[in-house]
Amino acid sequence: MPGQLSWTSDPLPDDIDMVGHPELRLTATSSATDTAWILLLQDVGPDGKATDITQGWLRASMRHVDEDASRTGRPVLPMQARVPVPPGEPVDYRIPLVANARRFQRGHRIRLVLTSDDNREDFQPMLLFSHAPVGTAGVNTVHSSSRLLLPILDGE
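So, a few notes on the structure that sits alongside this text. It should be emphasised that the depicted structure is a prediction, and the values quoted were computed from it without experimental measurement.

Rules of the game
Residues numbered from 1 in each chain as written. Predicted model: local features only at pLDDT ≥ 70, side-chain atom pairs only at ≥ 80, totals over all residues. Heavy atoms only, no water. Helix = DSSP H or I, 4+ residues; strand = E, 2+ residues; numbered from the N terminus. Buried < 20%, exposed > 50% of the residue type's maximum accessible area, 1.4 Å probe, protein only. Contact = heavy atoms within 4.5 Å. Areas by Shrake-Rupley, 256 points an atom, 1.4 Å probe, with all protein chains shown as cover.

Brief notes about the overall build of the chain
- A tally of regular secondary structure across the chain gives 0 helices and 10 strands.
- Moving toward the C terminus, one meets the helices and strands of the chain in the order β-β-β-β-β-β-β-β-β-β.
- Every one of the 156 residues in the chain was classed for burial, and the buried ones make up 38%.
- Excluding contacts between residues fewer than 6 apart, the proportion of contacts in the chain whose partners are at least 24 apart in sequence is 77%.
- With the model as given, the accessible surface of the chain reaches about 9,000 Å², and the carbon-plus-sulfur share is 51%.

Pasting the structure below:
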């Protein structure tokens, strides 16, 4: 099984300006009662070279969102109490990425990398900062209803 998943867009037909707070709306099933969700957003040039743009992280058991205080791209996660993940059941997560501004140039691709362990040798975390492992082993399945929300300027 892979230690990470990645999704890469087709080459962009035009420049795209992302400004603000990206968010991953993830639906996933885990065989464990806790896991980590670690995200890395990259800009991939036509030559295949990937540039890290921003990152996000969420411990699955701390997933509660204060929906009344939240906005798109800015979920408020009080992180006051752990709630075990129900093994084998789909769970919805709202995972914020650190706010950023980036022009993705025409012909480039946007890539999202998802892992539950950024201490592995085959994963290079941004700024060489990695997270402590959650401590539970499990198999995670990402559902196709998951969506990456990017704050794109319309250019007008």
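That was the structure; now back to the text.
What about the environment of Tyr93?
- Structurally, the position occupied by Tyr93 is in strand S6 (residues 91–96).
- With 35 residues separating them in the primary sequence, Tyr93 and Leu58 have C-alpha atoms 8.6 Å apart.
- Discounting chain neighbours no more than four positions away, the residues touching Tyr93 are Leu24, Arg25, Leu26, Ala28, Trp37, Leu58, Ala60, Arg63 and Val85.

Overview of unusual backbone geometry
- Here Met79, not a glycine, exhibits a phi torsion of approximately 50 degrees, which is positive.
- The topology assignment puts Met79 in the loop between strand S5 (50–59) and S6.
- Of the residues examined, Met79 reaches a relative accessible area of 37% and is grouped as partly exposed.

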